[in-house]
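A structural walkthrough
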Amino acid sequence: MEKPLNKYEVLKQYFGHSAFREGQAELIDAVLSGRDALGIMPTGGGKSVCYQLPALMMDGAALVISPLISLMKDQVTALKAADVSAAFVNSSLTAEQMKAVYRNMRAGKYKLVYVAPERLDGDGFAALAQSLPLSLVAVDEAHCISQWGQDFRPSYLRIVDFLEKLPRRPALAAFTATATKQVRDDIARILKLRTPLCITTGFDRPNLYFEVIRPKNKAAALQALIAQRRDKCGIVYCATRSGVEKVCDALRRAGVPATRYHAGLSDEERRQNQESFLYDRAAVMVATNAFGMGIDKSNVGFVIHYNMPKSQEAYYQEAGRAGRDGEKANCTLLYSAGDVQTAKFLIQNSGENEDLTEAQRQAVVQRDHERLNAMIGYCKTTRCLRGYILDYFGQAHQEACGNCGNCRAHFEVKDISSEAQMILSCVKRVRDSLGYSVGAALIVRVLCGSSDQRVLALGLDKLTTYGLMKGIPKARVRELAEALEAQGYLRTDPAHGGVALTPSAGNVLFRNEKVEMTTRESSAPEKRRGKKAAPDGTEEENGLLTALKALRFKLARQENVPAYIIFSNAGLADMAAKAPRNMSEFLEVSGVGAVKASRYGRTFLDEIAKYEDGEKS
Ligand code: ADP
Ligand code: MG
Ligand code: ZN
């Protein structure tokens, strides 16, 4: 009798990977031994393998509970491509298809069955599941069960009931990319995990290059960024639906193959557009945050945020959709002060939780404002951006990563002590004269000597600080004021937006403390990137890689699957670097398992041989 494969062999044979990533082996061992598990890994960290691999090694079928239809379909397609028998149960199936799946389940045909939480208690699914030997139950995107998570789905609560009715509850494994303690505790408590093995892996994604740009004109900056990334596909996130429409139209007019996704489109159009992006027919997806959860497209080369999101959690999750295949990828945020206004508006008007009491609602809004402030801090910091993110998630890190916009930027340090004195004393004078604090915009107008209605009506033109900074552009004065706030000399009240002095402002006003401001020499992306442009991964690719990509594209068309299902970009890059000459060398390529090798090996080896011959002659 054949010896069963061990977990390393299964990893190579079915998934084509030669080593486990952080956390995977431990979680897999736990599940294999029948222990519950909770895996917290960043987006792209490799959570799927943690339940798919044990499912292949254990008897019976694994149930995978997963929130999105698109996600299930994608994962099942990928599994089938590796010769694993799998199926999904959700509302996209016809009654006929559903019957066939149930029949196969009864016959023990599947190693993995993906199921939508809504389906757990309908259509006899529960009864069927109770009669089957189950290897394990995996809950993907498990943060959906927590009200504290960003994406609470009440249907997830049905999982608990479902599990309780099973005659024998198998190992339960839950996975999420949300790291906060509250959500983690909620998952373990609500799902009633039994002394689970909890693993939180590092949140760093070294292949992602982070950058914040403050362009004068976002539309132009976006066009420039997309032009530099012509050979890649990526996502552009906008804060609103109308933003999506505008940006997508502008890109199309400029000849970029872009498509769009937001909650205002019909289901059918959303499905089609998502598919165009997954199948590389549209290189750029312009979307609101409605797009992306569970999008496993691994070859996303860039994520650009046209607006600042509401929290670091949201930003890291969205940006993290780039470079899941381990290839270098770019995460760029286009920031403007207007984004803060939009985010605040969205926070105040998120009408989702209608059953909250007024006090609870205020607590939620308060927390959202705190998250927003951390996000604004990311946009304004001159420190290492990666360090800023890891701090937020409570992870230790090096002082500077050397691979983000701030680590690579040239900063100038300027003495702004005298400007600081003018601004701070104006804040004080206005406050003394009115008896209350006003917003930064009004302070700036007073300093610049504006004869605006409101300035005159309040009599602020009578103050000694009126017109003190006349001749300096308002935007510059605003920037200086923001720098003072970032350094803790000013504070904006989150409730009414008035700016006030902090106690440390006294050091500047009365004790001549020196104030400095660090600014980027240039923040225009067009200027900073040289032709080589190596740091952000936009280097020219070699000819063999181009040929292999073309072949992959052709095969994907023939088989009607997304290209990355055949080989990931990282896999192809490794193939081009190793340029294997025979099947055993081909098996050395990252991402190549026995199944892929037998299916595609010959075709790719021929292509490589053809290319090498061409090079010699
Ligand atoms: P997550 O669900 O955590 O966001 P996925 O399970 O979708 O991440 O995996 C992301 C990518 O990482 C996929 O392209 C997958 O093939 C790859 N991957 C997973 N495990 C490994 C590994 N051990 N070695 C190399 N690549 C891996
Ligand atoms: Mg996943
Ligand atoms: Zn850095």
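Reading the values: rules and limits
Residues numbered from 1 in each chain as written. Chains lettered and ligands numbered in written order. Predicted model: local features only at pLDDT ≥ 70, side-chain atom pairs only at ≥ 80, totals over all residues. Heavy atoms only, no water. Helix = DSSP H or I, 4+ residues; strand = E, 2+ residues; numbered from the N terminus. Rg over C-alpha atoms; globule rule 2.2 N^0.38 Å. Buried < 20%, exposed > 50% of the residue type's maximum accessible area, 1.4 Å probe, protein only. Pairing = 2+ DSSP bridges. Right-handed = clockwise from strand over helix to strand, strands pointing away. Donors = N, O, S within 2.8 Å, 3.2 Å for Na, K, Ca; no water. Tetrahedral: all angles 85-135°; square planar, octahedral: opposite > 155°, others 65-115°. Axes fitted to C-alpha atoms, helices over the stretch in contact; angles between N-to-C directions. Parallel < 35°, antiparallel > 145°, perpendicular 65-115°, else oblique. Left-handed = near helix turned anticlockwise from the far one by under 90°. Contact = heavy atoms within 4.5 Å. Salt bridge = Lys/Arg side-chain N within 4 Å of Asp/Glu carboxyl O. Polar contact = N/O pair within 3.5 Å; in protein donor to acceptor, adjacent residues only side chain to side chain. Near = heavy atom within 4 Å. Areas by Shrake-Rupley, 256 points an atom, 1.4 Å probe, with all protein chains shown as cover. Nonpolar A, V, L, I, M, F, W, Y, C, P; charged D, E, K, R; others polar. Domains from an automatic or database assignment. Buried area = accessible area lost by both parts, 1.4 Å probe.

Some details on the overall build of the protein
Summing up its helical and strand segments, the protein has 27 helices and 17 strands in all. In terms of C-alpha radius of gyration, the protein reaches 27 Å, essentially the compact-globule figure of 25 Å for 617 residues. Overall size of the protein, expressed as C-alpha extent along the three principal axes, is 95 × 70 × 45 Å. In the protein, which comprises 617 residues, the share counted as buried stands at 52%.

Let's talk about the pairing of strand S12 (residues 300-305)
In terms of burial, S12 is a largely internal element, 6 of the 6 residues being buried. Across 5 bridges, strand S9 (residues 233-237) lies against S12 in parallel orientation. Pairing of tyrosine 237 across the sheet is with histidine 305, part of S12. Between the parallel elements S12 and strand S13 (residues 329-334), the chain passes through helix H12 (residues 312-319) in a crossover that is right-handed.

Quick word on the coordination of the zinc ion (ligand 3)
For the zinc ion (ligand 3), the full set of protein donor atoms is Cys384 (SG), Cys401 (SG), Cys404 (SG) and Cys407 (SG), and the range of their distances to it is 2.3 to 2.4 Å. The site at the zinc ion (ligand 3) holds 4 donor atoms, and with the angles between them running 101 to 118 degrees, its shape is tetrahedral. Of note, the zinc ion (ligand 3) draws all its donor residues from one chain, in the sequence arrangement C-x16-C-x2-C-x2-C. Judged by relative accessible area, cysteine 404 falls into the buried class, the value being 0%.

As for the sheet that holds strand S4 (residues 112-115)
Pairing in this open sheet of 7 strands is parallel, and the strands run S3-S4-S2-S5-S6-S1-S7 from one edge to the other. What marks the edges here is a single partner per strand, and that holds for strand S3 (86-89) and strand S7 (197-200). Neighbouring strand axes in the sheet, compared pairwise and without regard to direction, differ in orientation by 15 degrees on average. Relative to strand S5 (residues 134-139), strand S2 (residues 61-65) runs parallel, the two being bridged by 5 bridges.

What about the packing of helix H9 (residues 218-228) against helix H10 (residues 241-253)?
Across the interface, H9 lies against H10 with an axial gap of 11 Å and an inter-helix angle of 55 degrees. Regarding the angle of H9 to H10, the classification is oblique. Here H9 and H10 pass one another in a crossing that is right-handed. Of the residues in H10, those touching H9 at Leu222, Gln223 and Ile226 are Val247, Ala250 and Leu251.

What to know about the pattern of salt bridges
When the charged atoms of two side chains with opposite charge come close together, those side chains can pair. A complete count under the given rule lists 31 salt bridges for this structure. Notably, a salt bridge pairs aspartate 161 with lysine 165, separated by 3.4 Å at the nearest N-O pair. Note that arginine 270 and aspartate 267 form a salt bridge whose closest N and O atoms lie 2.6 Å from each other. Note that arginine 270 and aspartate 267 are positioned in helix H11 (residues 267-278) at a spacing of 3 residues, about one turn of the helix.

Digging into H12
Burial analysis of H12 places 8 of its 8 residues in the buried class, the great majority of the element. For H12, the complete set of buried residues consists of Gln312, Glu313, Ala314, Tyr315, Tyr316, Gln317, Glu318 and Ala319.

Brief notes about the side chain of serine 311
Its place among the elements puts serine 311 in the loop between S12 and H12. Judged by its relative accessible area of 5%, serine 311 falls in the buried class. There is a polar contact of 3.1 Å between the side chain of serine 311 and the backbone nitrogen of alanine 314.

What about the sheet that holds strand S10 (residues 258-261)?
Strand-to-strand pairing in sheets goes through backbone hydrogen bonds, with the strands running parallel or antiparallel. Across the sheet, which stays open at both edges, the 6 strands sit in the order S8-S13-S12-S9-S11-S10 with parallel pairing between neighbours. The open sheet is flanked by strand S8 (208-213) and S10, the only strands paired with a single partner. The sheet shows a mean angle of 20 degrees between the axes of neighbouring strands, direction not considered. One ladder, built from 6 bridges, connects S8 with S13; its direction is parallel. Across the sheet, the residue bridging to isoleucine 213 is leucine 334, located in S13. Here H10 sits on the sheet and contacts S9, S10 and strand S11 (284-287); the angle it forms with S10, its principal contact strand, is near 170 degrees. Each of S8, S9, S12 and S13 touches H12; the most contacted strand, S12, lies at about 150 degrees to it.

Focus: the site of ligand 1
Around ligand 1, the surrounding shell holds 16 residues, and the nearest of these are Ala19, Gly44, Lys47, Ser48 and Arg324. Backbone polar atom of glycine 46 to an oxygen atom of ligand 1: 3.0 Å apart, as the coordinates give it. A distance of 2.6 Å separates an oxygen atom of ligand 1 from a polar side-chain atom of serine 48. Relative to its free-state accessible area of 570 Å², ligand 1 is covered by the protein chains to the extent of 82%. For the shell around ligand 1, the residue count by class is 4 nonpolar, 8 polar and 4 charged. Both domains that meet at the shell around ligand 1, namely domain 1 (7-200) and domain 2 (208-409), each give it at least three residues.

Topic: the domain arrangement of the protein
What the domain assignment reports for the protein is domain 1 (7-200), domain 2 (208-409), domain 3 (413-521) and domain 4 (543-616). Once you take the C-alpha centre of each, domain 1 and domain 2 turn out to be 28 Å apart. Facing the 20 residues of domain 1 at the interface are 16 residues of domain 2. Overall, the association of domain 1 and domain 2 removes approximately 1500 Å² of surface from exposure, summing both partners, and the carbon and sulfur fraction of that is 47%. At the boundary of domain 1 with domain 2, the tally comes to 1 salt bridge.

Thoughts on unusual backbone geometry
You will see that glutamate 141, though not glycine, has its phi angle at about 50 degrees, which is positive. With respect to the helices, strands and loops of the structure, glutamate 141 is situated in the loop between S5 and helix H7 (158-164). For threonine 195, which is not glycine, the phi torsion reads 25 degrees and is therefore positive. Assignment of secondary structure puts threonine 195 in the loop between helix H8 (181-190) and S7. Given the relative accessible area of 66%, threonine 195 is considered exposed.

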